[in-house]
Amino acid sequence: MSLEQLLAWIPPGSPDETLARQVNFEQLPAHVAIIMDGNGRWAAQRHLPRVEGHRAGIESVRDVVESSARLGIDVLTLYAFSIENWKRPRAEVSMLMTLLKRYLRLELSTLLKHNIRFHVIGRKDELSPDVLNELEIGIRQTEHNSGMLFNIALNYGGRAEIVEAARRAIASGIPADELDERRFGDLLYTAGQPDPDLLIRTSGEMRVSNFLLWQIAYSEIWVTETLWPDFRRRHLLEAVLAYQKRDRRYGGIKPSPVALGAK
Ligand code: FPP
């Protein structure tokens, strides 16, 4: 993606344009993962039922999916529903599933227009048949797209994913001394995908909440006070700019100019 293509979509003179012009397109995070948090608080601030926060959060999902694709992000993963979220009131869970189905139905054309490939990570088989059916339609219809990969984490738990991968490793009969990090990574839901470079969490909480535990080993974390229903392209650009200022060392040290032979 180029700056020109991104600017074509941004109102001239807007704060978003100023941010977009600062992005280094040679150094984009390949994979951005987002913990969408704060829907309930957004609704409470407006004296609305919690589900209204989720409904408003769908607008943010729309904006962020399109913004990420236009920006040139390779993989976007959104944490929509955790294994632990089943503990919420039945009506809230049912509304979340309804919103998800509606989103997929209404946004399939946008996914196709932007060449986005849709994928689900999590225990799909425990979802109800109507949700599963909608997901399968989205997956099938976008499977040949070659642009951004859009993962929705649904009925997802990081620890459960690792345990399932361990079970698969045992079942496949891989000799213990041949099991290394690369082979183990290939048994996760995200097999073949780059690890997230940037993990965003909204609403100010400093937790990873059982999200992509294996994959975020070296992710840069960016937390914003903004509640998810208020999160838009501007915040995504802010996160990318903050990421581009980070010094990633992966446990090593940054070579000094002297070590590199500078005079
Ligand atoms: C966290 O807010 C948000 C969720 C548990 C659900 C996020 C889901 C959506 C935005 C809609 C469906 C998603 C897609 C991808 C179409 P919270 O309820 O925990 O907020 P709180 O911490 O303020 O209570």
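Preceding this paragraph is the structure being described.
Rules used in this analysis
Residues numbered from 1 in each chain as written. Predicted model: local features only at pLDDT ≥ 70, side-chain atom pairs only at ≥ 80, totals over all residues. Heavy atoms only, no water. Axes fitted to C-alpha atoms, helices over the stretch in contact; angles between N-to-C directions. Helix = DSSP H or I, 4+ residues; strand = E, 2+ residues; numbered from the N terminus. Parallel < 35°, antiparallel > 145°, perpendicular 65-115°, else oblique. Left-handed = near helix turned anticlockwise from the far one by under 90°. Contact = heavy atoms within 4.5 Å. Near = heavy atom within 4 Å. Polar contact = N/O pair within 3.5 Å; in protein donor to acceptor, adjacent residues only side chain to side chain. Areas by Shrake-Rupley, 256 points an atom, 1.4 Å probe, with all protein chains shown as cover. 1 Å grid on protein atoms, 1.4 Å probe; cavity = no way out; pocket = protein on both sides within 12 Å on 5 of 7 lines; lining within 4 Å. Sits in = over half its atoms within 2 Å of the grid points. Salt bridge = Lys/Arg side-chain N within 4 Å of Asp/Glu carboxyl O. Buried < 20%, exposed > 50% of the residue type's maximum accessible area, 1.4 Å probe, protein only. Pairing = 2+ DSSP bridges.

Engineer: Hey, could you run me through the packing of helix 5 (residues 90-113) against helix 6 (residues 129-142) in this one?
Structural biologist: Helix-helix packing: each pair is described by the crossing angle between the helix axes and the interaxial distance. Direction vectors running N to C along helix 5 and helix 6 enclose 15 degrees, while the axes themselves pass 10 Å from each other. Between helix 5 and helix 6, the crossing angle belongs to the class labelled roughly parallel. In terms of crossing hand, the pair formed by helix 5 and helix 6 is left-handed. Only D130, V131, E134, L135, I137, G138, Q141 and T142 of helix 6 make contact with helix 5, whose side of the interface consists of M97, L100, K101, L104, R105, L108, L111 and L112.

Engineer: Can you walk me through the site of the ligand in this structure?
Structural biologist: As a matter of local geometry, the ligand sits amid 18 residues, with D37, G40, R41, R50 and R88 nearest to it. G40 places a main-chain nitrogen or oxygen 3.0 Å from an oxygen atom of the ligand. Relative to its unbound accessible area of 630 Å², the ligand is 92% covered by the protein chains. Assessed atom by atom at 2 Å from the grid points, the ligand resides in the largest pocket. Where the shell around the ligand is concerned, the elements lending two or more residues are helix 3 (39-45), helix 4 (50-71) and helix 5.

Engineer: Can you help me understand the packing of helix 2 (residues 15-22) against helix 9 (residues 233-244) in this one?
Structural biologist: Contact geometry for helix 2 and helix 9: axes closest at 9 Å, N-to-C directions at 25 degrees. The orientation of helix 2 with respect to helix 9, classified from their angle, is roughly parallel. With respect to the hand of their crossing, helix 2 and helix 9 are arranged in left-handed fashion. Between helix 2 and helix 9, the contacting residues are D16, L19, A20 and Q22 on the first element and R233, R234, L237, E238, L241 and Q244 on the second.

Engineer: Would you explain the environment of L213 in this entry?
Structural biologist: With respect to the helices, strands and loops of the structure, L213 is situated in the loop between strand 5 (198-201) and strand 6 (220-223). Discounting chain neighbours no more than four positions away, the residues touching L213 are Y156, G158, R159, I162 and V208.

Engineer: Please explain the pattern of salt bridges as it appears in this structure.
Structural biologist: Pairs can form between side chains of opposite charge once their charged atoms are near each other. Across all of its chains, the model carries 25 salt bridges by this definition. R70 serves as the salt-bridge partner of E66, at 3.1 Å between the closest nitrogen and oxygen. Within this pair, E66 and its partner R70 are both found in helix 4, separated by 4 residues, close to a single helical turn. Taking the relative accessible area as the measure of exposure, E66 reaches 16% and is therefore buried. On the basis of relative accessibility, which here comes to 17%, the residue R70 falls in the buried class.

Engineer: In this structure, what is going on with the pairing of strand 4 (residues 149-156)? I would like to understand it.
Structural biologist: Within a regular strand, the side chains alternate between the two sheet faces. Burial analysis of strand 4 places 8 of its 8 residues in the buried class, which makes it a mostly covered element. In terms of strand pairing, strand 3 (residues 117-121) meets strand 4 through 5 bridges, oriented parallel. Across the sheet, V120 pairs through a bridge with I152, a residue of strand 4.

Distances and angles like these do not, on their own, reveal function.
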